[in-house]
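Residues per chain are reported as follows:
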Amino acid sequence: MEKMSLNFCRIDEFMDAEILESYIKAGKAVSAVMNKSQEFIKEDMLLVDIAEKIENMIQEHGAMPGCPVNLSLNNKAAHFTPAKNDSTVFKKGDMLKIDITAHIDGYIADGSYTLCSDANQKKLLDASKKALDAVIEMCMPGAKLSKISAMIEEVIKGEGYKPIENLTGHGLDRFDLHAIPQVPNVSFNGDYLLEEDQVIAIEPFATNGDGRIRDTEEVMIFSFSELNPVRNMDARKIIDFVQQYNGMPFAQRWIETGLNMNEFKTKIALRELVKNGVINTYPVLVEKKGSMVSQHEHSVIVRDDPVVLTK
Ligand code: CO
């Protein structure tokens, strides 16, 4: 009880009450969807059905997706979301990372977890979770980020795996999914200190491979960058359509569905937009050696008593 009233005092003092409420509501949407999706995701389900169900559920909770849901299988670490007609299914033994982002009026919560039915992979799955659990309570004002990163590395290595060293957690700001600071999953030199009321997403990735990821040619997620002239009519339609996302990431699938555009035309138009610098790309990231990757993520408000937005 005492802690509760203390928190209420600090809401007025440091973070505007309305902003805090938006973060908490976004966090509740992500948490609810994280929990419910664990129940409804079954083997042999199409990834696209999982994605649409999750994104609809975010809206049922009064929030909007802050990024297309990432459904990255096995050696894919992040940034995969299926196209409208994707026929990939979640198969027995697959390791599926479900990364869910929701926002209320631009205030974002980001959370993820991993599913795998193969009991032999449970230790790898748990390694990223243990690392996340070990550092959440460290997110206090004045905390050294380097200590948090070193702890993530230590826990994952202690489990016999490698953290992914070139994939990081990140700050969250209004309509900005990748704000400062980056939160590395390995120790580093430097002395970034966390500040009161900063919102950060911590996301340890563990692997039995090299511990590095690389970009692939495959791109399913994009974001608007700047308005440059394009000739393709479909590309112009896409520019108008994606303004609603306020610069936050969107999926090829959202365009196929929202503009009723077939995959072939959509891909051609997106390619022209990339070429002209109108949109940014988020290439699918895979583990360098092709090894399995697990991931767990929470968003936290930095306080003496850290507020975990996603649970
Ligand atoms: Co994230």
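Computed from a predicted structure; not experimentally measured. (Residues numbered from 1 in each chain as written. Predicted model: local features only at pLDDT ≥ 70, side-chain atom pairs only at ≥ 80, totals over all residues. Heavy atoms only, no water.)

### Topic: the sheet that holds strand E9 (residues 199-202)
Taken in spatial order, the five strands make up an open sheet running E8-E7-E9-E15-E16, and their pairing is antiparallel. Both edges of this open sheet fall to strand E8 (176-183) and strand E16 (307-308), since each of them pairs with a single strand only. In the sheet, strand E15 (residues 298-301) pairs with E16 via two bridges, with the strands oriented antiparallel. Its bridge partner being in E16, Ile301 is matched across the sheet by Val307. Its contacts with the sheet put helix H5 (residues 145-158) on E8 and E9, and the angle it makes with E8 is roughly 90°. (Pairing = 2+ DSSP bridges. Helix = DSSP H or I, 4+ residues; strand = E, 2+ residues; numbered from the N terminus. Contact = heavy atoms within 4.5 Å. Axes fitted to C-alpha atoms, helices over the stretch in contact; angles between N-to-C directions.)

### Some points on the coordination of the cobalt ion
Around the cobalt ion, the donor atoms from the protein are Asp110 (OD), His170 (NE2), Glu203 (OE) and Glu297 (OE), and they sit 2.1 to 2.4 Å away. Coordination at the cobalt ion is irregular: its four donor atoms span angles of 82 to 168° at the metal. Read from N- to C-terminus, the donor residues coordinating the cobalt ion fall into the pattern D-x59-H-x32-E-x93-E. A residue pair is termed long-range when its members are at least 10 positions apart, and Asp110 in strand E5 (residues 107-116) and His170 in strand E7 (residues 169-173) qualify at 60 residues. Residue Asp110 shares its accessibility class with His170, and that shared class is buried. (Donors = N, O, S within 2.8 Å, 3.2 Å for Na, K, Ca; no water. Tetrahedral: all angles 85-135°; square planar, octahedral: opposite > 155°, others 65-115°. Buried < 20%, exposed > 50% of the residue type's maximum accessible area, 1.4 Å probe, protein only.)

### What about unusual backbone geometry?
Between Ile180 and the following residue, Pro181, the backbone shows a cis peptide bond with an omega angle of 0°. Turning to its location among the elements, Pro181 is positioned in strand E8. A positive phi angle is found at Phe175, which is not glycine, with a value near 60°. Inspection of the secondary structure assignment puts Phe175 in the loop between E7 and E8. The class of Phe175 is partly exposed, set by a relative accessible area of 25%.

### A look at the packing of helix H6 (residues 233-242) against helix H8 (residues 263-275)
One way to put it is that H6 packs onto H8 with a least axis distance of 8 Å and a crossing angle of 75°. Of the possible angle classes, the one that applies to H6 and H8 is roughly perpendicular. Between H6, through Asp234, Ala235, Ile238 and Ile239, and H8, the contact on the second element is made entirely by Lys265, Thr266, Ala269, Leu270 and Leu273. The class makeup of the residues in the contact of H6 with H8 is six nonpolar, one polar and two charged. (Parallel < 35°, antiparallel > 145°, perpendicular 65-115°, else oblique. Nonpolar A, V, L, I, M, F, W, Y, C, P; charged D, E, K, R; others polar.)

### What to know about the sheet that holds strand E12 (residues 250-251)
Two orientations exist for strands paired in a sheet by backbone hydrogen bonds: parallel and antiparallel. Taken in spatial order, the four strands line up as E3-E13-E11-E12 in an open sheet, and their pairing is antiparallel. Unpaired on one side and paired on the other, strand E3 (76-78) and E12 mark the two borders of the sheet. Bridge analysis of E3 against strand E13 (residues 279-287) gives two bridges, and the strand direction is antiparallel. Considered in E13, the bridge of Ala78 is made with Leu285. The strands that H8 touches are strand E11 (213-224), E12 and E13; relative to E13, the one it contacts most, it runs at about 105°.

### Focus on helix H4 (residues 122-135)
Helix length check: H4, at 14 residues, gives a terminal C-alpha distance of 21 Å against a target of 20 Å (1.5 Å per residue), a fit within 8%. Within the sequence span of H4, burial applies to Leu124, Leu125, Asp126, Ala127, Ser128, Ala131, Leu132 and Val135. (Expected span 1.5 Å × (residues − 1).)

### Examining the environment of Glu21
Residue placement: Glu21 occurs in helix H2 (residues 17-40). Along the primary structure Glu21 and Ile104 are separated by 83 residues, whereas in three dimensions their C-alpha atoms are 9.2 Å apart.

### Description of the nonpolar core
If you look at the biggest cluster of nonpolar residues, it comprises 34 residues, and the most contacted ones within it are Ile41, Ile50, Ile54, Leu96, Ile98 and Ile100. Counting 26 residues, the second largest nonpolar core, distinct from the first, contains Val135, Val155, Met292 and Val302. (Core = buried A, V, L, I, M, F, W, Y, C linked by side-chain atoms within 4.5 Å.)

### Some words on the domain arrangement of the protein chain
The assigned domain composition of the protein chain is domain 1 (2-215 + 286-308) and domain 2 (217-284). Each of domain 1 and domain 2 has a C-alpha centre, and these two points are 25 Å apart. Domain 1 puts 25 residues into the contact, and the matching count from domain 2 is 17 residues. Of all residues in domain 1, His79, Lys84 and Phe175 give up the largest surface area on contact with domain 2, accounting jointly for 30% of the area buried on that side. The interface formed by domain 1 and domain 2 includes two salt bridges. When the shortest N-O distance is used, the salt bridge between Arg253 and Glu55 registers 2.8 Å. On inspection of domain 1 and its partner domain 2, the count reaches six residue pairs in polar contact (both at pLDDT 80 or more). Of all the elements in the fold, those that place two or more residues in the side of domain 1 that touches domain 2 are helix H3 (47-60), E3, E8 and E11. The greatest single-element share of the side of domain 1 that touches domain 2, amounting to four residues, is contributed by H3. Of the residues contributing to the side of domain 1 that touches domain 2, the split by class is 13 nonpolar, six polar and six charged. (Domains from an automatic or database assignment. Buried area = accessible area lost by both parts, 1.4 Å probe. Salt bridge = Lys/Arg side-chain N within 4 Å of Asp/Glu carboxyl O. Polar contact = N/O pair within 3.5 Å; in protein donor to acceptor, adjacent residues only side chain to side chain.)

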